[in-house]
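# Tertiary structure, described
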Number of protein chains: 2
Amino acid sequence: MALIVQKYGGTSVADAERIRNVAERIARLQHAGNQMVAVVSAMGDTTDDLIALANQITDRPSARELDVLLSTGEIVSSTLVAMALRHLGLDAISLSGLQAGIQTDSTHSRARIRRINPERIHRELDEGRVVIVAGFQGVTEELDVTTLGRGGSDTTAVALAAALRADRCENLKDVEGIYTADPRIVPAARKLRDIGYEEMLELASHGAQVLHPRAVELAQLYNLPITVQSSFNEEPGTLIHAETTMEPTNKVRGIAHDADVAKITVRGVPDRPGIAATLFEPLAARAISVDTIVQNASLENLTDLTFTVSRKDLRAALEIIQPVVLEIGAAGLVTDDEAGKISIVGTGMQNTPGYASRMFRALFDAGINIQLITTSEIRITCIIDQAQVPQAVRALHDAFELEKA
Amino acid sequence: MALIVQKYGGTSVADAERIRNVAERIARLQHAGNQMVAVVSAMGDTTDDLIALANQITDRPSARELDVLLSTGEIVSSTLVAMALRHLGLDAISLSGLQAGIQTDSTHSRARIRRINPERIHRELDEGRVVIVAGFQGVTEELDVTTLGRGGSDTTAVALAAALRADRCENLKDVEGIYTADPRIVPAARKLRDIGYEEMLELASHGAQVLHPRAVELAQLYNLPITVQSSFNEEPGTLIHAETTMEPTNKVRGIAHDADVAKITVRGVPDRPGIAATLFEPLAARAISVDTIVQNASLENLTDLTFTVSRKDLRAALEIIQPVVLEIGAAGLVTDDEAGKISIVGTGMQNTPGYASRMFRALFDAGINIQLITTSEIRITCIIDQAQVPQAVRALHDAFELEKA
């Protein structure tokens, strides 16, 4: 008998029929002798609908109230899945974040999990019940509801699996697993049988939207193997774990891309200590995530500093940066909201030269201009023109022969 | 400075504009120096929509899960009212039943409040906040969500007002107060300035849908004055309290009616001890509320027993009663699902003869046949043909000259 934690995303519970399918899937695993805990997201577009409702009331909803409002979406779906399981004759119970013992800090809209008290879940499991947990939420010590921000339900599932010492943690998605590249762009993209935490983290952080980076990080921290698989069939999907099978012929594991990048260049920045902090601290304070940062070599004590943000954050970033640019006496700002990002990822790359040059050559051969380059030990990222992103993904997938196992 | 508990029904918070109006009303009272607690129902048809959603999953939703599902409706509206107040510059916070300290028994779908721990509400009020409480819900000792059944938010408001020792408890409705009869039926109906608990309880229990009987009972228990008034204007409404002004010229206070009555007659019931209990216990067990019960004098040890239930409960009542009728050897069942009920209510009636005869005469003069009669000390009720209910209300309003103050 295994203890399995599953997570079903919003698409998988979007309507009554899909909820019934989810219940049947859980029921099969329970009948096979497993103890089952399932974390669910809100149905389909519920979260967006609730945000729209709040925006009808005010353009700046209180983060504390918005968290309470949004948390109802996952509560609704958790009760419906529990009802569907009971309809199948199983004993099932839904639990809110509070009831599931998920305690967070009080940073509303992007709370971090502090600890999990799994006592209630264990008790329900011991009584033979299937436990359905409302994802994406927790409570503070004061019992105020918080939400975990983007990818919150993924994080709930991994955190619960760790706290419950689950045997398996399965992420059921509307895709079949992790691919060498987005199969909508590269039809020959190959589903990976398994992948290491580090590689998955790089892919997830640089545009692969299948699994949230926080969930991967947490799984790595607890050395918890997790899978990504389809909620619509029984295919095995992809295993994310500590050791990845060495594949000597193919050291690039996958390609991540992000077509929603905005690029900001601050020109003529005085080259003195503390300038970068002055620029980036106010962005961090407003929770704007700065991605790639490149600073050119200084010329006559003036330098250009370029960074990228998510396109949706561009306006807010400019509002914050413009006064700072005046304050530090920089020459000006240049923005480009039509950038894209493409990355190759693979632990096999780290001790092997030549990957960067092969990447640049492949992009050059495809007529794609590289605007910025950043690297980590197991990743090389290029900022390019947004319109050329799909072409770049295909060119790199070909160049590194990722269709071959 | 007064502590005021208000309750806003679903119609009053049905959309963003109405929620803004509610917030403005609360804000005015807060600015006038009062401490404000507002209990809110779910927006418009939300509760029905959630029930429909559950019915898409299963025809017999678990009461425990349904309670959790339905409780989200009031949580949504409470957050939106809090957001609207903050938009107006007030400090406001929404609290769930759990956070408001409302502890109930574990009878899902019709839980009774056991105790209220108002510590958190007091703390929020002390910090100058307006507190918005999600109505209709509480939690068990296990922290499982319960709902209070029909009229639940009315009950929440009165119970909180009692626990907080509030100075006022205002029920804001889509009507202007308690009338001598339904003004949609009797245009000359007069709004009552005040009414006693007992009279209000009789009116509420016999068809006046303005306020739930449980809320009235609770107000009486704590001797808490409550008002019913319009949420759309500032008119004073009706005060419900312990002493009612004596009005010597008008001892009938009001007329209640209920057009949704079904009548069941069990014919040829053997007249022996315990038969009534045998009939009614299984109905009570299924929570079917039996209203009027009339048993005729016995003839040759056989009697007819007639009782009424709400029309929506007729089918379920028959399913339960039919086997019992066979078991006790009664002659058969006659049902009538087109009955109505009309009551006159007034404490002034109790020591004054002649009200019953005036009522029967007025109905007779209007050509209305009386099928059953029951009375309490301060109420006389007749079961009549459903189609004649409006006509009966008007005839009695005229006969007792209720349009005159």
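Note that the structure is predicted; figures quoted are calculated from it, not measured.

### What about the overall build of chain A?
From N to C terminus, chain A includes eleven helices and 18 strands. Computed over C-alpha atoms, the radius of gyration of chain A comes to 23 Å, within 12% of the 22 Å expected from 2.2 N^0.38 for 405 residues, which places it in the range of a compact globule. Considered along the principal axes of its C-alpha atoms, chain A spans approximately 75 × 55 × 35 Å. Across the 405 residues of chain A, 49% fall into the buried class. Counting contacts in chain A only where the partners sit at least 6 residues apart, residues at least 24 apart contribute 74% of the total.

### Observations regarding helix α2 (residues 46-57) of chain B
Think of an α-helix as turning once every 3.6 residues; residues three or four places apart then point the same way. All names here are of chain B. An ideal rise of 1.5 Å per residue puts 16 Å on twelve residues; α2 measures up with 17 Å between its terminal C-alpha atoms. All of the buried residues along α2 are T47, L50, A54 and I57. Looking straight down α2, one finds that the buried residues subtend no more than 70° of arc, so they occupy a single side. For α2, the exposed residues set more than 90 degrees away from the buried face come down to D49 and A52.

### Quick word on the relation of the copies chain A and chain B
The operation relating chain A to chain B is a screw motion whose rotation component is 180°, with 0.0 Å of axial translation and a residual RMSD of 0.1 Å. Taken together, the turn and the small shift mark the pair as related by a two-fold rotation axis. Within chain A, the C-alpha atom positioned nearest to the axis of rotation is that of A:T72, 2.9 Å from it. Comparing interface residues between copies, 100% of those in chain A also lie at the interface in chain B; the contact surface is shared.

### Some points on the packing of helix α8 (residues 275-285) of chain B against helix α9 (residues 314-328) of chain B
Residues and elements named next belong to chain B. Axis separation between α8 and α9 bottoms out at 9 Å; the angle between their running directions is 155°. Considered as vectors, α8 and α9 are oriented roughly antiparallel to each other. α9 is crossed by α8, and the crossing has right-handed handedness. Only A317, I320, I321, V324 and I328 of α9 make contact with α8, whose side of the interface consists of I275, T278, L279, P282 and L283. Looking at the contact of α8 with α9, its residues break down into nine nonpolar, one polar and no charged.

### Quick look at the interface of chain A and chain B
Each side of the interface is counted separately: chain A has 26 residues, and chain B has 26 residues. For the side of chain A that touches chain B, the elements supplying multiple residues, two or more each, are α1 (16-31), α2 (46-57) and α3 (63-87) of chain A. In terms of residue count, the dominant contributor to the side of chain A that touches chain B is α3(A) (13 residues). Taken together, the residues that form the side of chain A that touches chain B break down as 16 nonpolar, eight polar and two charged.

### Section: the packing of α1(A) against α3(A)
Residues and elements named next belong to chain A. Interaxial distance between α1 and α3 falls to 9 Å at its minimum, and their mutual angle equals 60°. Taken together, α1 and α3 sit at an angle that is classed as oblique. In this structure, α1 crosses over α3, and the sense of that crossing is right-handed. Packed against α1, whose contacting residues are I19, R20, V22, A23, I26 and A27, the element α3 presents L80, V81, A84 and L85 at the interface. When the residues that make up the contact of α1 with α3 are grouped by side-chain class, the tally is nine nonpolar, no polar and one charged.

### Points about the sheet that holds strand β16 (residues 332-345) of chain A
Residue and element names in this part refer to chain A. With antiparallel pairing, six strands are arranged side by side in an open sheet as β14-β15-β13-β16-β18-β17. Whereas interior strands pair on both sides, the edge strands pair on one side only; in this sheet they are β14 (290-295) and β17 (372-376). Between one strand and the next, the sheet's axes are offset by a mean angle of 30°, whatever the strand orientation.

### Regarding unusual backbone geometry
The backbone of A:E401 sits at a positive phi, close to 50°, despite the residue not being glycine. By the secondary structure assignment, A:E401 is in the segment after α11 (389-399).

### Some details on the domain arrangement of chain A
Examined at the domain level, chain A breaks down into domain 1 (3-174) and domain 2 (254-399). Here the C-alpha centroids of domain 1 of chain A and domain 2 of chain A sit 36 Å apart.

### Re the environment of A:A395
All names here are of chain A. One can find A395 in helix α11. The buried category is assigned to A395, around which 23 C-beta atoms lie within 10 Å. Spatially, the C-alpha atom of A395 lies 6.3 Å from that of A362, the residues being 33 residues apart in sequence. If near-sequence neighbours (up to four positions away) are discounted, A395 is found in contact with A362, L363 and A366.

### A short note on the environment of B:H31
The residue B:H31 is located in helix α1 (residues 16-31) in this model. Residues B:H31 and B:P390 lie 359 residues apart in sequence; the distance between their C-alpha atoms is 44 Å.

### Here we look at the pairing of strand β16 (residues 332-345) of chain B
Residue and element names in this part refer to chain B. Of the pairings in the sheet, the one linking strand β13 (residues 254-270) to β16 comprises eleven bridges and is antiparallel in character. From the neighbouring strand, R267 faces β16, where its bridge partner is G332. As paired elements, β16 and strand β18 (residues 379-385) share seven bridges and run antiparallel to each other. Following the sheet pairing, I344 is matched in β18 by I380.

Rules behind the numbers
- Residues numbered from 1 in each chain as written.
- Chains lettered and ligands numbered in written order.
- Predicted model: local features only at pLDDT ≥ 70, side-chain atom pairs only at ≥ 80, totals over all residues.
- Helix = DSSP H or I, 4+ residues; strand = E, 2+ residues; numbered from the N terminus.
- Rg over C-alpha atoms; globule rule 2.2 N^0.38 Å.
- Buried ≥ 20, exposed ≤ 12 C-beta atoms within 10 Å, placed from the backbone.
- Contact = placed C-beta atoms within 7 Å.
- Expected span 1.5 Å × (residues − 1).
- Arc of directions from axis to C-beta.
- Least-squares fit on C-alpha atoms with pLDDT ≥ 70 in both.
- Axes fitted to C-alpha atoms, helices over the stretch in contact; angles between N-to-C directions.
- Parallel < 35°, antiparallel > 145°, perpendicular 65-115°, else oblique.
- Left-handed = near helix turned anticlockwise from the far one by under 90°.
- Nonpolar A, V, L, I, M, F, W, Y, C, P; charged D, E, K, R; others polar.
- Pairing = 2+ DSSP bridges.
- Domains from an automatic or database assignment.

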